[in-house]
Amino acid sequence: MMTLRETAVLHNGVKMPVFGLGVYKIPDEQQGVEAIVHAIKTGYRLIDTASLYDNEQTVGEAVRQSGVDRADIFVTSKVWNTDQGYEATLTAFDTTLDKLGFDYLDLYLIHWPMPKTDKFKDTWRALEKLYQDKKVRAIGVSNFNINHLEDLKTTATILPMVNQVECHPHLNQQTLRDYCETNGIKVQAWSPLKRGDLFEVDTLTQIAKAHQKTVAQVMLRWDYQHGILTIPKSVNKGRIEENANIFDFVLSEAEMNQIDALHNGDRTGPDPEELNI
Ligand code: NAD
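Keep in mind that this is a model prediction, so the values were computed, not measured.

S.K.: Tell me about helix α9 (residues 237-244), and name the residues and values.
M.R.: For α9, the complete set of buried residues consists of Ile240, Asn243 and Ala244. Down the axis of α9, the buried side of the element spans an arc of 95°, and every buried residue falls inside it. Considering only its buried residues, α9 is in contact with β3 (21-22), α1 (29-42) and α8 (215-226). The N-cap of α9, judged by a side-chain oxygen 2.9 Å from the amide nitrogen of glycine 238 a few residues on, is asparagine 236.

Given below as structure tokens:
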């Protein structure tokens, strides 16, 4: 049986857990440390933070308190929009590492493309430098559409290893996922539960009932069976365990197709084309 320890192999050979904990909107340090330590004890091996979340210190502290080796935990952070550009990104990365209290990071992402500011290619050069200097094991992007990735390709010497995007049954990112697969880029879903918005959808409640699982587990299993890496967020210990308990059932092809058919393009977050500040 597959477990929480399962990894995907990035195009540079680095192994990245397919499942992890998102920590957006956990401002309270004590609550954050407790939730993250609990997740690690449950078996989670990936924590997704960002400088925007203002909890990188909490993540570093939780990793140290967990009793698991730093090397066995995969930590992602992201450069925020106001730090884009070559020099500013290098400085922002040092601050991130300081806050985490680490001497390297596992994955560093450009948080948003901000296409109208035309800075992501310079920002990417900084990520390439950090990667070449071995300060980060893998580099990638977040919220990049195909046109942004095509633009990045014109100057990049290393292609992104990961693209973290909003992805759930209402926004299944099929075209972008196909493009990323062709280009060796792993897709990771943010808001994989659409922040709770789909828990009453009939198709999902029926499938959940048939498997004696929760809708959250069905949605996360759908990610897993599609090869989408996923990072549900919770600070609730029971839900942290529940979300990870997806390795003991299988959705049929018909059920996968039913969930795919829920796509309607609806987002919970901003459109990457529109966010430019
Ligand atoms: P999510 O879809 O993971 O939903 C989280 C919310 O769902 C929780 O706050 C909780 O209220 C509820 N929940 C979680 N598990 C549940 C369960 N089992 N039963 C009932 N309710 C449950 O949304 P998210 O936090 O937006 O996304 C996950 C992570 O993705 C974030 O924490 C963050 O790390 C990352 N993220 C990245 C970006 C980006 O731009 N790159 C944007 C948003 C989020």
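Still more ground to cover, so stick around.
S.K.: How would you summarise the sheet that holds strand β10 (residues 229-230) if you had to cite specific residues and measurements?
M.R.: Strand order in the open sheet formed by eight strands is β3-β4-β5-β6-β7-β8-β9-β10, with parallel pairing between adjacent strands. Across the chains shown, the open sheet's two edge strands, defined by having one partner strand only, are β3 and β10. Two strands pair when backbone bridges link them, and strand β7 (residues 136-142) and strand β8 (residues 162-166) are joined in this way by two bridges, in the parallel orientation. In the strand pairing of β8, serine 142 is matched with glutamine 164.

S.K.: Run through the layout of surface pockets, naming residues and quoting values.
M.R.: The rolling of a water-molecule-sized probe over the atoms marks out the regions of remaining empty space. Of the voids in this model, the largest pocket is the one considered here, and its volume is about 760 Å³. Around the largest pocket sit 33 residues that line it, and Tyr24, Trp190, Ser191, Arg195 and Lys233 are the ones nearest its centre. Of all the elements, α9 adds the most residues to the lining of the largest pocket, at three residues. Considering only residue class, the lining of the largest pocket consists of 16 nonpolar, 11 polar and six charged. Taken as a whole, the second largest pocket spans an internal volume of roughly 260 Å³. In terms of lining, the second largest pocket is formed by Gln174, Arg177, Asp178, Cys180, Glu181, Gly184, Ile185, Lys186, Val187, His226, Gly227 and Ile228. Contributing elements (two or more residues each) for the lining of the second largest pocket: α6 (174-182) and β9 (186-190). Sort the elements by how many residues they give to the lining of the second largest pocket and α6 lands first, with five residues.

S.K.: Give me the lowdown on the pairing of strand β6 (residues 105-110), citing residues and values where you can.
M.R.: Across the six residues of β6, six count as buried, placing the element largely inside the fold. Where strand β5 (residues 74-79) meets β6, four bridges bridge the pair, whose relative direction is parallel. Pairing of lysine 78 across the sheet is with leucine 109, part of β6. Handedness of the β5-helix α3 (residues 86-100)-β6 crossover: right-handed. Read from β6 through helix α4 (residues 120-132) to β7, the crossover connection turns out right-handed.

S.K.: Just give me the short version of the site of the ligand, but keep the residues and values in it.
M.R.: With respect to spatial proximity, 25 residues lie near the ligand, and among them Asp48, Ser142, Gln164, Ser191 and Arg195 are the closest. Side-chain polar atom of aspartate 48 to an oxygen atom of the ligand: 2.7 Å apart, as the coordinates give it. Between the ligand and arginine 195, the relevant distance is 2.6 Å, taken from an oxygen atom to a side-chain nitrogen or oxygen of the residue. Within the complex, 88% of the 830 Å² of free accessible area of the ligand lies under protein.

S.K.: I'd love a proper account of the environment of valine 9, names of residues and values included.
M.R.: The topology assignment puts valine 9 in strand β1 (residues 7-9). Taking the C-alpha atoms as reference points, valine 9 and valine 68, separated by 59 residues in sequence, lie 22 Å from one another. Setting aside residues up to four positions removed in sequence, valine 9 forms contacts with Val14, Lys15 and Lys186.

S.K.: How would you explain the pattern of salt bridges if you had to name every residue and give the values?
M.R.: All chains considered together, the criterion is met by 11 salt bridges. Here aspartate 48 makes a salt bridge to lysine 78, at a shortest N to O gap of 2.7 Å. In this pair, aspartate 48 is assigned in strand β4 (residues 46-48) and lysine 78 in strand β5, connecting sequence segments 30 residues apart. With respect to burial, aspartate 48 and lysine 78 carry one shared label: buried. Here lysine 153 and glutamate 150 are joined by a salt bridge, their closest N and O atoms 3.4 Å apart. Here the residue lysine 153 and the residue glutamate 150 both occupy positions in helix α5 (residues 146-153), the gap between them amounting to three residues, near one helical turn. Through salt bridges with shared partners, a single network forms among Arg70, Asp106 and Arg137.

Calculation notes
Residue positions within a chain follow its written sequence, with the count starting from 1. Local features are withheld for residues below a pLDDT of 70 in this predicted model, meaning they are given only at 70 or higher, and side-chain atom pairs are given and counted only at 80 or more; totals for whole chains, interfaces and linings count all residues. The basis for every side-chain value is the complete set of heavy atoms in the structure, and neither hydrogens nor water enter the calculation. We call a residue buried when its accessible area falls under 20% of the maximum for its residue type, exposed when it is over 50%, and partly exposed in between, using a 1.4 Å probe and counting protein chains only. By the criteria applied, helices consist of DSSP H or I runs no shorter than four residues and strands consist of E runs no shorter than two, each listed in order from the N terminus. Read the arc as the range of directions from the helix axis to the C-beta atoms. Any two residues whose heavy atoms approach within 4.5 Å are treated as being in contact. A 3.5 Å cut-off defines polar contacts: any pair of N or O atoms within that distance qualifies, except that in protein one atom must be a possible hydrogen donor and the other a possible acceptor, and neighbouring residues in sequence count only when both atoms are side-chain atoms. Should DSSP find at least two bridges between two strands, the strands are regarded as paired. Every definition here rests on a 1 Å grid over the protein atoms only: cavities are sets of points where a 1.4 Å probe fits but cannot get out, pockets are open sets enclosed by protein on both sides within 12 Å along at least five of seven lines, and lining residues have some atom within 4 Å of a point. Grid points are joined across faces, edges and corners, and a volume is the space filled by probe spheres set on the points. Each residue gets one of three labels, nonpolar for Ala, Val, Leu, Ile, Met, Phe, Trp, Tyr, Cys and Pro, charged for Asp, Glu, Lys and Arg, and polar for the others, Gly among them. Call a crossover right-handed when, viewed with both strands pointing away from you, the route from the first strand across the helix to the second goes clockwise. Summary of the distance rule: residues count as near a molecule or strand when at least one heavy atom falls within 4 Å of that molecule or strand. Here the accessible surface of atoms and residues is derived via Shrake-Rupley with a 1.4 Å probe, and residues count as covered only by protein chains that are part of the display. Any carboxyl oxygen of Asp or Glu within 4 Å of a side-chain nitrogen of Lys or Arg constitutes a salt bridge here.

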